[in-house]
Amino acid sequence: MPDSMAETFIDQGRAQELDGLLEQYGQNIVNGFGKYLNLMRNDEGKIYKLAHSWGHTTDAMGRDFSIRWDWLQEAELPLYDSFESYYETIKKLVEMHPTNESGEKTYGFTAFSEKGEEFYKTPLAYLGLFGASGGVNTSGGSITHYYKLNDNGSISYWVDTEEGLKVAKYINRFWRDGLIDPDFQTKDYDASVAFMSNERVAGNIGTWWHNHVGGHQIWQSTEDDWTIEKRMQCVTFQEGDATPALISDNFIRTTRCIITDKCQNPEDVMKYWNWETTPLGVAFTTNGPEGEDRAWSIDENGDAKISDLYWYGKEGDTSFLWGDFEEEMGSFNYWMMSPGYTAEDKVDNPGQGWAEPVAKVNAWDLIPDYDKLNQDELEAGQLVTKSHYETSTPYLWDQTLWTPSFSPDDPELLINQDVADCISSTWVQVVMASTEEECVELFEKMKNDLHAMGLDDLVAFQQAALDKNKAKLEGK
């Protein structure tokens, strides 16, 4: 459940205290959380909630500016390394491919997220701004607000920064040149996947996995003559002197687990949670029950061994997708307390308890030591992922301390939602401005509207949360 919902249960006395249960039955959880368990404590030092999908991220890719790789090779263009060169590359590829095979117009990109929010979030991350997640938006997803950390330790909301205006003008330029799907603001996720797979975009500004689900994962299973050259390639770079913040390492994430007052066997729940934290528990949670013909098994050393289908696919069956197979096997049907990423006590050996070639583990992906795999037999998804590593740098930043916790009676909880809703509607207008001058005017209006609804209070709340979390992590 969202953190705010957990706080509501706690505030109403409907969540059980977990300290004694953790001490008696939850040592794996205590060791796995390490110092981060302090962030779960309330002002009295007691624990009523635990993080869901917790751990240090193992992601090697985050936000990126992607490109149709085969089109880039055809154009014989160098790999872009800046906002400007990406713009020029996209423009050139759309000129070369004005329509798809069905005669439908091609664009630079469309939106996979709510009303084009990635159009500002991704460039801001490249400019070194940080995303703080807390609360739930109208679509049920986590609300993320972007801040600039100033030299004096204070923070500024992104609309109050020169970086924010730079991003607005940059994205608006794509719009004015006809390079953004004109229906981006009304598309849902499935429509965006179809738009990309129908070859109507030359690139994508957003999250890496959009490129997978809308690109090669469909093409490889529907085109007899598909080759790996036809893919959406993830590319990262440094924009000017900024240090990008593309992959957030948020140990406690934004969702929570509690044991309600209605639970009559909390000891058994904690025992299960504790087992879930082990490597075998993680394998069970993420892949379903084990077995020789299933997604994973237990080897002679007692380690979790993932099926070779994960690395090599099913011979002769180009339609085979691991995700579909994994779902059939019961993946995520039993997930409660299993870490989503690397536990604190496994940082030095993130593949502990897993058989080779697994080197790192998260709930969605296993990261291998590629030297221990047969390179010639890797399935298409593994080859594409490996290729991304050659053009992407994992610009990681620690988001953990930026995570706010809203109590039900915090007025900032409503402001948090109002600000997110306002941006969702007004950002579209900024993007679709007919001139740069109008873009700037609409950006300033959006900024003023946000301040009128209490943005300064939200920034102060986030600053206080950041300072408070720093102290809590140190046990103060």
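The structure displayed is predicted, hence computed values, not measured ones. (Residues numbered from 1 in each chain as written. Predicted model: local features only at pLDDT ≥ 70, side-chain atom pairs only at ≥ 80, totals over all residues. Heavy atoms only, no water.)

> Tell me about the overall build of the protein, and please be specific about residues and values.
In terms of helices and strands, the protein carries 17 helices and 14 strands. Projected onto the principal axes, the alpha-carbon positions of the protein cover approximately 65 × 60 × 35 Å. Buried residues in the protein amount to 56% of all 476 residues. Look at the contacts in the protein between residues 6 or more apart in sequence, and 74% of them connect residues 24 or more apart. With an accessible surface of roughly 20,600 Å², the protein has 45% of that area assigned to carbon and sulfur atoms. (Helix = DSSP H or I, 4+ residues; strand = E, 2+ residues; numbered from the N terminus. Buried < 20%, exposed > 50% of the residue type's maximum accessible area, 1.4 Å probe, protein only. Contact = heavy atoms within 4.5 Å. Areas by Shrake-Rupley, 256 points an atom, 1.4 Å probe, with all protein chains shown as cover.)

> Summarise the pairing of strand 4 (residues 142-149); cite the residues concerned and give the values.
Both strand 4 and strand 5 (residues 155-157) contribute to a ladder of 3 bridges, which runs antiparallel. Of the residues in strand 5, the one forming a bridge with Tyr147 is Tyr157. The hairpin turn running from strand 4 into strand 5, its antiparallel successor, is 5 residues long, and Gly153 in that turn takes a positive phi close to 95°. (Pairing = 2+ DSSP bridges.)

> Quick one: what's the story with the pattern of salt bridges, residue by residue and with numbers?
Counted by the stated rule, this structure contains 20 salt bridges. Among the ionic pairs, Arg63 bridges to Glu118, the shortest N-O distance being 2.8 Å. Here Glu118 lies in helix 6 (residues 118-126) and Arg63 lies in strand 2 (residues 63-68), a separation of 55 residues in the sequence. Accessibility expressed as a relative area gives 7% for Glu118, which makes it buried. The partner of Glu436 in a salt bridge is Arg176, and the shortest N-O contact between them spans 3.9 Å. (Salt bridge = Lys/Arg side-chain N within 4 Å of Asp/Glu carboxyl O.)

> Please provide a residue-by-residue account of the environment of Pro350, values included.
Locating Pro350 in the fold gives a position in the loop between helix 13 (322-328) and strand 12 (358-361). Along the primary structure Pro350 and Val361 are separated by 11 residues, whereas in three dimensions their C-alpha atoms are 6.6 Å apart.

> Account for the packing of aromatic side chains, with residues named and values stated.
Per the counting criterion, the structure on display carries 47 aromatic pairs. Seen in terms of ring centroids, Phe83 and Tyr170 are 4.8 Å apart; in terms of plane orientation they differ by 20°. Their pairing is stacked. One end of the pair, Phe83, is in helix 5 (residues 83-96); the other, Tyr170, is in helix 7 (residues 162-176), and 87 residues separate them in sequence. Ring centres of Phe112 and Tyr189 lie 6.2 Å apart, and the angle between their planes is 65°; on these two criteria the pair is classed as edge-to-face. Within this pair, whereas Phe112 is found in the loop between helix 5 and helix 6, its partner Tyr189 is found in helix 8 (residues 189-197), the two being separated by 77 residues in sequence. Take Phe112: its relative accessible area is 10%, and that puts it in the buried class. (Phe/Tyr/Trp six-rings, centres within 6.5 Å; stacked < 30°, edge-to-face > 60°.)

> Describe the packing of helix 9 (residues 208-222) against helix 14 (residues 380-391), listing the residues and the values that go with them.
Taken N-terminus to C-terminus, the directions of helix 9 and helix 14 make an angle of 140°; their axes are 10 Å apart at the nearest point. Compared by their axis directions, helix 9 and helix 14 come out oblique. By crossing handedness, the relation of helix 9 to helix 14 is classed as right-handed. Note on element contacts: helix 14 touches helix 9 through Ala380, Gly381, Val384, Thr385 and His388, opposite His212, His216 and Gln220. Of the residues belonging to the contact of helix 9 with helix 14, the class tally is 2 nonpolar, 6 polar and no charged. (Axes fitted to C-alpha atoms, helices over the stretch in contact; angles between N-to-C directions. Parallel < 35°, antiparallel > 145°, perpendicular 65-115°, else oblique. Left-handed = near helix turned anticlockwise from the far one by under 90°. Nonpolar A, V, L, I, M, F, W, Y, C, P; charged D, E, K, R; others polar.)

> Explain the nonpolar core residue by residue, including any values.
Ranked by size, the top nonpolar core spans 93 residues in total, and within it Phe33, Leu50, Tyr157, Trp158 and Trp427 carry the most contacts. Looking at which element gives the most residues to this core, the answer is helix 15 (residues 411-431), with 8 residues. In this structure, Val282, Phe284, Phe325 and Met329 belong to the second largest nonpolar core, which totals 20 residues. (Core = buried A, V, L, I, M, F, W, Y, C linked by side-chain atoms within 4.5 Å.)

> So what's going on with the sheet that holds strand 6 (residues 203-207)? Which residues, and what values?
The sheet built from 3 strands is open, its strands ordered 6-2-7 with antiparallel pairing. A strand with exactly one partner marks an edge of an open sheet, and here the two such strands are strand 6 and strand 7 (232-233). Across 5 bridges, the pairing between strand 2 and strand 6 is antiparallel. Across the sheet, the residue bridging to Asp64 is Gly206, located in strand 6. Along the sheet face, helix 9 touches strand 2, strand 6 and strand 7 and points at about 130° away from the line of strand 6.

> If you had to explain unusual backbone geometry to someone new, which residues and values would you point to?
Of note, the amide linkage connecting Glu356 to Pro357 takes the cis form, showing an omega dihedral of 15°. Positive phi is not limited to glycine here, since Phe332 has a value of about 65°. Among the secondary structure elements, Phe332 is positioned in the loop between helix 13 and strand 12.

> I'd like a rundown of helix 9, residues and numbers included.
With 15 residues, helix 9 extends 21 Å from end C-alpha to end C-alpha; this agrees with the ideal 21 Å at 1.5 Å per step. Looking at helix 9, one finds that the buried residues are Trp208, His210, Asn211, His212, Gly214, Gly215, His216, Trp219 and Gln220. Where helix 9 is buried, its residues touch strand 2, helix 8, strand 6, strand 7 and helix 14. (Expected span 1.5 Å × (residues − 1).)

> How would you sum up the packing of helix 10 (residues 266-276) against helix 11 (residues 279-287)? Please name residues and give values.
Describing two packed helices takes the angle between their axes plus the distance from one axis to the other. Close contact between helix 10 and helix 11 brings their axes to 6 Å; oriented N to C, the two are set at 95°. Relative to helix 11, the element helix 10 is oriented roughly perpendicular. Listed contacts from helix 11 to Tyr272, Trp275 and Glu276 of helix 10 are Leu280, Gly281, Val282, Phe284 and Thr285.

> How would you summarise helix 5 if you had to cite specific residues and measurements?
Its 14 residues place the ends of helix 5 20 Å apart at the C-alpha level, agreeing with the 20 Å of an ideal helix rising 1.5 Å per residue. Taken together, the buried positions of helix 5 are Phe83, Ser85, Tyr86, Tyr87, Thr89, Ile90, Leu93 and Val94. Looking at the buried side of helix 5, the elements it contacts are strand 2, helix 4 (69-75), helix 6, helix 7 and strand 6.

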